[in-house]
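# Close look at the chain arrangement
Each chain is listed here by its residues.
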Amino acid sequence: MSILSIPIIIICLFIFISLFFIVKQQTAVIVERFGKFQSIRHSGLQLKIPLVDRIAGRLSLKIQQLDVIIETKTLDDVFVRLKVSVQYKVIKEKVYDAFYKLDYPHEQITSYVFDVVRAEVPKMKLDDVFVKKDDIALAVKAELNDAMSDYGFDIIKTLVTDIDPDAQVKQAMNRINASEREKIAAQFEGDAARILIVEKAKAEAESKRLQGQGIADQRREIARGLEESVDVLNRVGINSQEASALIVVTQHYDTLQAIGGETNTNLILLPNSPQAGSNMLNDMVASFTASNQIGEAMKNSKKKKEE
């Protein structure tokens, strides 16, 4: 083999290799012949004429995402930054348009997003921007679909993924939110305190009612016991006045006995001398006798006036 045949073999091998090329899945290859569009090739092993055909470009048919950050002003004069994510893909049947009609599709999409967002957001207040972000996304999608479909691009979805107001505005919004929550908390605490006071007053009223009822029942039973005691004493020849005085004196001595049985008591019973019981009995009998005499005198005078 001569030295001259070696370059010829290398050139033939290079030409043979350049006959074939591989196109990956979800990819389209544009082949040109002498600078003119020749064909579009899809996935698989493909052939081209060496030195005549060339691969002009490759386009991905997968869904792609472009994130666009826009700064604009709202209706209430608040500057806000929005991040809009545009998901798009090249239409398989319009690969030619997508490759030859646009040099920079990203810049084209970005321009339309800026145009729509800066037309929609200034119509809204800041709170509405958060609430109606889906409306903004739909407006961007509609505008992009109308504009980009002619260039071979299909807009799958648009999303407003971030809304970032000025730092001072966010601090003010947080303070407003915190104040509103503190106001609600204070209202709940006030309601709880009011309910507690009302329930406590109801409980005290019920306690007083039951206490009064208990005292009334106690006095009723005491009166019934005294009545029975007087009846018993009347049966043995002691009249009602003497019986009442005797019962009082007996209760007096029972009280003294109870006091003597307790330690650290602060109760003082007056009078408490040894002759106090006798004096009390005599005084009560005398007072009962005097009251009876006055009653009889009043009855007699009334009878005389009637006669």
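All of the points below concern the structure found in this document. From a predicted model like this one, the values you see are computed outputs, not experimental measurements.

## Looking at the pattern of salt bridges
- All chains considered together, the criterion is met by seven salt bridges.
- A salt bridge links Asp 53 to Arg 33; its shortest N-O distance comes to 2.5 Å. In this pair, Asp 53 is assigned in strand 5 (residues 53-60) and Arg 33 in strand 2 (residues 27-33), connecting sequence segments 20 residues apart.
- For Arg 33, a relative accessible area of 29% translates into the label partly exposed.
- Between Lys 101 and Asp 97 there is a salt bridge; the shortest N-O distance is 3.7 Å.

## Structural notes on the packing of aromatic side chains
- Taken as a whole and judged by the stated rule, the model has five aromatic pairs.
- Each ring, one from Tyr 96 and one from Tyr 100, has its centre 4.8 Å from the other, and the planes form 40 degrees; the classification is tilted. Placement of both Tyr 96 and Tyr 100 in helix 2 (residues 95-100) is noted, with a separation of four residues, approximately one turn of the helix.
- With relative accessibility at 40%, the residue Tyr 96 sits in the partly exposed group.
- Classification of Tyr 100 as partly exposed rests on a relative accessible area of 32%.
- With 4.9 Å between their ring centres and 85 degrees between their planes, Phe 99 and Tyr 100 make a pair best called edge-to-face.
- Given the relative accessible area of 22%, Phe 99 is considered partly exposed.
- Through a chain of ring-to-ring contacts, the aromatic side chains of Phe 37, Tyr 96, Phe 99 and Tyr 100 assemble into a single cluster.

## Regarding the environment of Ile 40
- Among the structural elements, Ile 40 can be located in strand 3 (residues 36-41).
- It is 7.8 Å that separates the C-alpha atoms of Ile 40 and Val 95, two residues lying 55 residues apart in sequence.
- Residues contacting Ile 40, with those up to four places away along its chain left out, are Ala 28, Val 29, Val 95 and Tyr 96.

## Thoughts on the sheet that holds strand 3
- A sheet is described by the order of its strands in space; here three strands give the open sequence 3-2-5, paired in antiparallel fashion. At either margin of the open sheet sits one strand with a lone partner, and together these are strand 3 and strand 5. Between one strand axis and the next, the sheet turns through 25 degrees on average, direction left out of account.
- Strand direction decides the pairing type here: strand 2 and strand 5, joined by seven bridges, are antiparallel. Across the sheet, the residue bridging to Ala 28 is Leu 59, located in strand 5.

Cut-offs and rules
Residues numbered from 1 in each chain as written. Predicted model: local features only at pLDDT ≥ 70, side-chain atom pairs only at ≥ 80, totals over all residues. Heavy atoms only, no water. Salt bridge = Lys/Arg side-chain N within 4 Å of Asp/Glu carboxyl O. Helix = DSSP H or I, 4+ residues; strand = E, 2+ residues; numbered from the N terminus. Buried < 20%, exposed > 50% of the residue type's maximum accessible area, 1.4 Å probe, protein only. Phe/Tyr/Trp six-rings, centres within 6.5 Å; stacked < 30°, edge-to-face > 60°. Contact = heavy atoms within 4.5 Å. Pairing = 2+ DSSP bridges. Axes fitted to C-alpha atoms, helices over the stretch in contact; angles between N-to-C directions.

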